Amino acid sequence: MKSHFILLREQLAEKRDRSLLSRGKSDQTQVLEGSLWYLSKSDSLEKLKGKTFTLHSYDYDGVVLETEPANVDKLDDRDFHLLYALNNCKERFKLFLDKQWMSEAAQFRTGSYVYVVNVNELPERVPAKIRYVGELMSRTGTWFGVELSAPTMVEVPLTASSGATDTLHVLVTQECS
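Residues numbered from 1 in each chain as written. Predicted model: local features only at pLDDT ≥ 70, side-chain atom pairs only at ≥ 80, totals over all residues. Heavy atoms only, no water.

**Student:** An account of the overall build of the protein is needed here, citing residue identities and associated values.
**Tutor:** Of regular secondary structure, the protein possesses four helices and 12 strands. Taken over 177 residues, the protein has a buried fraction of 33%. In the protein, of all internal contacts separated by at least 6 residues, the share reaching a separation of at least 24 is 47%. Carbon and sulfur atoms form 51% of the exposed surface of the protein, whose accessible area is close to 11700 Å². (Helix = DSSP H or I, 4+ residues; strand = E, 2+ residues; numbered from the N terminus. Buried < 20%, exposed > 50% of the residue type's maximum accessible area, 1.4 Å probe, protein only. Contact = heavy atoms within 4.5 Å. Areas by Shrake-Rupley, 256 points an atom, 1.4 Å probe, with all protein chains shown as cover.)

Structure, rendered in structure tokens:
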């Protein structure tokens, strides 16, 4: 079982080239606070107190981080899955620091009433009912499927196979029951 961590401050990490011709070549790369990592060995943090240890990145391909325990925070599986669905490290870190949000989000179940906020195509705050909680195909983390409870106009960007783009305007009118 992997131990999951969130980075608490920006650091330099090592990007390892995995190609056969690279001969172990690596470069330094900046990694962001809020990025997610897992312990590369079965060592426990208790055995590593005060020492550096190696973490592997979920967010950066081929990147490993040598760090001290004070630079990361261990996540339980519930918190890891909530945060992993967010692909923006800055937003992820902001929500991680909001302990009330983390606690409330962990309590969401199918049937819970919520507000959808910070979605570009939606008005500022739209009431909704959670209809699905879980993983999605080809996506990891905990995802929430919601049914909007108020009629809402949504713009959906479309891309044709030719590469042309257009916008589809959809009126969502489903009511939560």
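What follows picks up the thread again.
**Student:** Which residues make up the nonpolar core, and what are the values?
**Tutor:** Ranked by size, the top nonpolar core spans 13 residues in total, and within it Val31, Trp37 and Leu55 carry the most contacts. Only strand 1 (4-7), strand 4 (36-39), strand 5 (53-57) and strand 6 (63-67) provide two or more residues apiece to this core. Not counting residues within four places of it along the chain, the set of residues in contact with Leu55 comprises Phe5, Trp37, Tyr38, Leu39, Val63, Val64, Leu65, Thr67 and Val72. Within the second largest apolar cluster, eight residues are counted, among which are Leu36, Leu75, Phe80 and Met102. (Core = buried A, V, L, I, M, F, W, Y, C linked by side-chain atoms within 4.5 Å.)

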